[in-house]
Amino acid sequence: MPRATVARIDLAAIRHNFGLARQFAGGARAMAVIKADAYGHGIARVARTLAPDATCFAVACIEEALAIRDAGLAHPVVLLQGVHAAGDIATCAAQNFEPVLHSGYQLDWLAAQADGPAFWIKVNTGMNRLGFRPAELSRVMAALAGRTSAFLGFVTHFAASDEMDNDATGQQTALFADAVAPWPDAELSVANSAAHFRDGQPLFTRSRPGIMLYGASPMAERNGSDLGLQPAMSLESNLIAVRTLAAGDAVGYGAAWRADRETPMGIVAIGYADGYPRHACNGTPVWVKGHRAALIGRVSMDMLAVDLSAVPDAREGDPVELWGRNVSVDEVARCAGTISYELLTGVTARVPRLYHGG
Ligand SMILES: *Cc1c(COP(=O)(O)O)cnc(C)c1O
C-alpha cells in the first residue's frame, strides 16, 4: 500500500477561481498563468481544465510551453521570460508561442529570423529585473519597424501590487500608460493576481492571473477564502503513530519542543522531502479529524509531530490535512516565514497528485 500522503487537486475550484479572475478583469482578456507545473498542481491537467475558457496561457519558459502542446492544446502560449537561445525563435514561430522580449540580444535573434513569431515587448517601470526603460521604447520600436505585423503589445510587472497601501503600483501604472501612449493599437498587460484586487487599478487589455487560480491569496495578510477564492490543493496524509508524552519529554531533532505536561502526540507521514516547510514554527495549524492540532518540534524529512490535545479521540490511521479547505496554505506560509507560492510550487514529485472535479 502507498502512503496516505497525497495532494488532492480540485479542478472545479480552479475553474471557479479563473471565472472570478475573468470577472475582476472586466474587458481585459486573461492569460492563465500556469508556469512552474501550474504552481505545483500539474500543468497538463490544469491547462486542459481551463482550455475551454482561456484565450491563451502564460508560462516562464519554452519547456513549459511544450508541455501544453504535449497535453494536446493549440492555444497561444506567452513566454513571460522570453527566449533563452537563438534557435528558440524558430520554435516559437512553429509552435505559436509568443515570447516577451526584454533585452537587446533577443531582438537581434528575432531580426535574424525571417518568419519570426508574434511577440511582446517588456517595459521596465520600476521592478528593475527585466525590460526596456520607457526612454528606450522609441529606439526599440524603430528597430522593429519591419515586423510591426507580429508585434502584439507591451507588458510590465508590478513590484508591490500585493501591498494595498503602497503607491508604487500607481506610479508604475502611470509610467507605463505614458510610455506606451505612442502605440495606441498595442495590447497592454500589467495585472498579476494582486492587481485584480486593487480598487481603481486599470487592467488594460490582458490580465495575467497566477496564484489566484489556485485559490491562494496574493496578499500576505489575507487568506484566499477572504477574497472569494477556493483552495485547489488539499495536502493530506495520516497519523502513523499516536503516543503520550510525559512532562519533560522532547520531540524530534534537536529536542526543539518539550512537553510541559502529559501530552497526546501524533506522528504524520509527511516531511520537508514532500515539500512541507521545514521552517514551519511550533503551533502551525494541522487539521486532524475535524480539529486544529498544533505542529510541535522540527519537521523531519519524512514526518512531523503534532500535539493532539485538541483531538482527544485521534487514532492511528486518522486522516490529516496539512493545508487545503480547513487550514489555508496562506496561514501555513505565514507560520513558515514564506508565501503560498513557495509552498505550492515546492510540493515534490514524491507526492502523488489526485484529481477530481474535472
Ligand atoms: C508569475 C507571473 C505572473 C502571475 O503572478 P501571480 O502573482 O501569481 O498572479 C504575472 N506576470 C508575470 C510576468 C509573472 O512572471
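You'll find the structure just up there.
Residues numbered from 1 in each chain as written. Predicted model: local features only at pLDDT ≥ 70, side-chain atom pairs only at ≥ 80, totals over all residues. Heavy atoms only, no water.

> Got a sec to walk through the overall build of the chain? Specific residues and values, please.
Assigned secondary structure in the chain consists of eleven helices and 18 strands. Taken along its principal axes, the extent of the C-alpha atoms in the chain is 75 × 45 × 35 Å. Intrachain contacts of the chain at a sequence separation of at least 6 include 63% that bridge at least 24 residues. For the chain, the computed accessible surface area is about 15,000 Å², with 51% contributed by carbon and sulfur atoms. (Helix = DSSP H or I, 4+ residues; strand = E, 2+ residues; numbered from the N terminus. Contact = heavy atoms within 4.5 Å. Areas by Shrake-Rupley, 256 points an atom, 1.4 Å probe, with all protein chains shown as cover.)

> Lay out the nonpolar core with the relevant residues and their values.
Core analysis: the largest hydrophobic core is formed by 106 residues, its most contacted members being Ile34, Ile121, Phe154, Tyr276 and Trp323. The element that contributes the greatest number of residues to this core is helix H1 (residues 11-25), accounting for seven residues. One finds Leu245, Val251, Trp257 and Met265 within the second-largest nonpolar core, a separate group that totals nine residues. (Core = buried A, V, L, I, M, F, W, Y, C linked by side-chain atoms within 4.5 Å. Buried < 20%, exposed > 50% of the residue type's maximum accessible area, 1.4 Å probe, protein only.)

> Any details on the packing of aromatic side chains? Residues and values, ideally.
Summed over the entire model, instances satisfying the criterion amount to nine aromatic pairs. Centroid distance Tyr39 to Tyr214: 4.7 Å. Interplanar angle 25°. Geometry classified as stacked. Separated by 175 residues along the polypeptide, Tyr39 in helix H2 (residues 35-39) and Tyr214 in the loop between strand E9 (206-207) and strand E10 (233-245) bring together distant segments of the chain. Given a relative accessible area of 5%, Tyr39 falls into the buried group. Relative to Phe154, the ring of Phe151 has its centre 5.0 Å away and its plane inclined at 65°; by these criteria the two rings are edge-to-face. Residue Phe151 shares its accessibility class with Phe154, and that shared class is buried. (Phe/Tyr/Trp six-rings, centres within 6.5 Å; stacked < 30°, edge-to-face > 60°.)

> I'd love a proper account of the pairing of strand E13 (residues 263-268), names of residues and values included.
Extensive coverage of E13 is indicated by the burial of five of its six residues. Strand direction decides the pairing type here: E13 and strand E16 (residues 304-307), joined by four bridges, are antiparallel. Bridging from a neighbouring strand, Val268 pairs with Leu304 of E16. (Pairing = 2+ DSSP bridges.)

> If you had to explain the environment of Asn326 to someone new, which residues and values would you point to?
Residue placement: Asn326 occurs in the loop between strand E17 (319-323) and helix H10 (329-335). For Asn326, a relative accessible area of 33% gives the class partly exposed. Residues contacting Asn326, with those up to four places away along its chain left out, are Trp287, Arg292 and Glu321.

> Describe the site of the ligand, listing the residues and the values that go with them.
Every residue near the ligand is listed here: Lys35, Tyr39, Leu80, His157, Asn192, Ser193, Arg208, Pro209, Gly210, Ile211 and Tyr341. Here Tyr39 contributes a side-chain N or O atom positioned 2.6 Å from an oxygen atom of the ligand. Within the backbone of Gly210, a nitrogen or oxygen atom sits 2.9 Å from an oxygen atom of the ligand. Burial of the ligand by the protein chains amounts to 91% of its free accessible area of 390 Å². Partitioned by chemical class, the residues of the shell around the ligand number five nonpolar, four polar and two charged. (Near = heavy atom within 4 Å. Polar contact = N/O pair within 3.5 Å; in protein donor to acceptor, adjacent residues only side chain to side chain. Nonpolar A, V, L, I, M, F, W, Y, C, P; charged D, E, K, R; others polar.)

> Describe helix H3 (residues 43-50), with residues and values.
Among all positions in H3, only Ile43, Val46, Ala47, Thr49 and Leu50 are buried. Along the axis of H3, the buried positions cluster into a sector of 160°, meaning they face one direction only. Each element contacted by the buried residues of H3 is listed here: H1, strand E2 (29-33), H2, strand E3 (56-59) and helix H4 (62-70). (Arc of directions from axis to C-beta.)

> Which residues make up the packing of H1 against H3, and what values go with them?
The N-to-C vectors of H1 and H3 enclose an angle of 55°; their axes lie 10 Å apart at closest approach. As far as their axial angle goes, H3 and H1 are oblique. As H1 packs across H3, the resulting crossing turns out to be right-handed. On H3, the residues touching Leu11, Ile14, Arg15 and Phe18 of H1 are Arg45, Val46, Thr49 and Leu50. (Axes fitted to C-alpha atoms, helices over the stretch in contact; angles between N-to-C directions. Parallel < 35°, antiparallel > 145°, perpendicular 65-115°, else oblique. Left-handed = near helix turned anticlockwise from the far one by under 90°.)

> Kindly report on unusual backbone geometry, identifying the contributing residues and their values.
Even without glycine at this site, Ala36 takes up a positive phi of about 50°. Secondary-structure assignment places Ala36 in helix H2. Phi at Asp37 is positive, roughly 55°, even though this residue is not glycine. Relative to the helices and strands, Asp37 is located in helix H2.

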